[in-house]
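Read off the chains here:
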Amino acid sequence: MVQGIANWNTEETEEWLQSYVDDWVAFYRKHTNDGEVASYIPVLQKADPDDLGIVIIGKNGINIHSGDDDIPFTMQSISKVLSFIVGCMERGVAYMLDRVDVEPAGEAFNSIIHLEMKQVKKPFNPLINAGAITVTSLLEGNTSDEKLKPMLQLLEVMLGYRPEINVEVYESERDSSMRNRAIGYYLLEVGFLESDLNITLETYFKQCSIEVTINDLARIGMILANDGEDPDTQEEIIPRQVARIAKALMLTCGMYDASGKFATYVGIPAKSGVSGGIIAAVPPRVRDEDLPFLEGCGIGVYGPSLDDKGNSIAGIRLLRHIAKQWDLSIF
Ligand code: DON
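Residues numbered from 1 in each chain as written. Predicted model: local features only at pLDDT ≥ 70, side-chain atom pairs only at ≥ 80, totals over all residues. Heavy atoms only, no water.

Taken N-terminus to C-terminus, the directions of helix H6 (residues 144–159) and helix H10 (residues 214–225) make an angle of 90°; their axes are 10 Å apart at the nearest point. In terms of orientation, H6 lies roughly perpendicular with respect to H10. Residues Leu 155, Met 158 and Leu 159 of H6 pack against Asp 216, Arg 219, Ile 220 and Ile 223 of H10. Looking at the contact of H6 with H10, its residues break down into 5 nonpolar, no polar and 2 charged. (Axes fitted to C-alpha atoms, helices over the stretch in contact; angles between N-to-C directions. Helix = DSSP H or I, 4+ residues; strand = E, 2+ residues; numbered from the N terminus. Parallel < 35°, antiparallel > 145°, perpendicular 65-115°, else oblique. Contact = heavy atoms within 4.5 Å. Nonpolar A, V, L, I, M, F, W, Y, C, P; charged D, E, K, R; others polar.)

So, in structure tokens, the structure goes:
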């Protein structure tokens, strides 16, 4: 564990932390060989499986960028956190939680079977596909562009630019979306959807195709870590209650059926996507020891080689290592 630095907010400590992270990224890059790039959305196969990068943005102003930190990739399931947040901001928390639960599913992200087997009254949570498609149907607007506008606006406020939808990825997912269409038809049959199915799916595929970098994810993670407030301007960007629910969902459901292990071994609210991104929000911690990022930080990771659950294989191992070294766990 790192100890002995009284003031972490200096250029020297930034360089020092940076050199540690550079070593760790170089080490965990070898672990990318243990996984595979997603192929069920054909265009995602173009990603380079050896890529691995991380950005850490501290509330104290310390920024670490290491490895492949400038590669744009699509948010995929990370967008589910944002659509839930936007839904809560538009409709209110009670409205959303009446229609989607907050329980881990313990099933694959695209499972259909649990919906029917368990005769659920609402989808398990907003971070699995069934829950996310339901959430997207609850967003205001009659077209996919109308539904997506508030999400893109929220991203613009947080990132300082408006991200674009990667049309190639959108079309690839749309044209290979048998499973999500099956989930959608089931949700339609049981009456969970509040918008037209085709518009809902079009919106969902577009939100998954919003292109970002790990710097963007780290910035969003930092705002979530800070309960929805931008630490630089003190502006409330996401209502505190909504930011807290989002983090609770990330911790309990964000890594799909590996969420329990991630909570146990890493202990940070996080959300992954099949293109290889992970967003993590490290809230401020109270520790007697002298440790980096005690004020909290946001982390973005990119590593498109995935494990069998659909999470970045080297990304998770890298996060686990950093969380252990710097005692980032919230527990
Ligand atoms: O709906 C899908 O299958 C993708 N657009 C998103 C899935 C995803 O990112 C799950 N991640 N681990």
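In this structure the tally under the stated criterion is 0 disulfides. A disulfide-free cysteine, Cys 253 has its sulfur positioned 14 Å from the sulfur of Cys 88, the nearest such atom. (Disulfide = S-S within 2.5 Å.)

Let us look at the UniProt feature "binding site: substrate" (unreviewed entry) in the protein. In the numbering used here, UniProt assigns the feature "binding site: substrate" (unreviewed entry) to Ser 77, Asn 129, Glu 173, Asn 180, Tyr 204, Tyr 256 and Val 274. The annotated residues that sit in the lining of the largest cavity are Ser 77, Asn 129, Glu 173, Asn 180, Tyr 204 and Val 274. Positionally, Asn 180 belongs in helix H8 (residues 178–189). Those residues in contact with Asn 180 that sit more than four places away from it in its chain are Asn 129, Ile 133, Glu 173, Leu 201, Tyr 204 and Phe 205. Residue position: Val 274 is located in the loop between strand E6 (270–272) and strand E7 (277–282). Ignoring any residue separated from it by four or fewer positions in sequence, one finds Val 274 in contact with Ala 38, Tyr 40, Leu 44, Gln 76, Phe 109, Leu 306 and Gly 310. (UniProt positions renumbered as here; feature names shortened; annotations may be inferred. 1 Å grid on protein atoms, 1.4 Å probe; cavity = no way out; pocket = protein on both sides within 12 Å on 5 of 7 lines; lining within 4 Å.)

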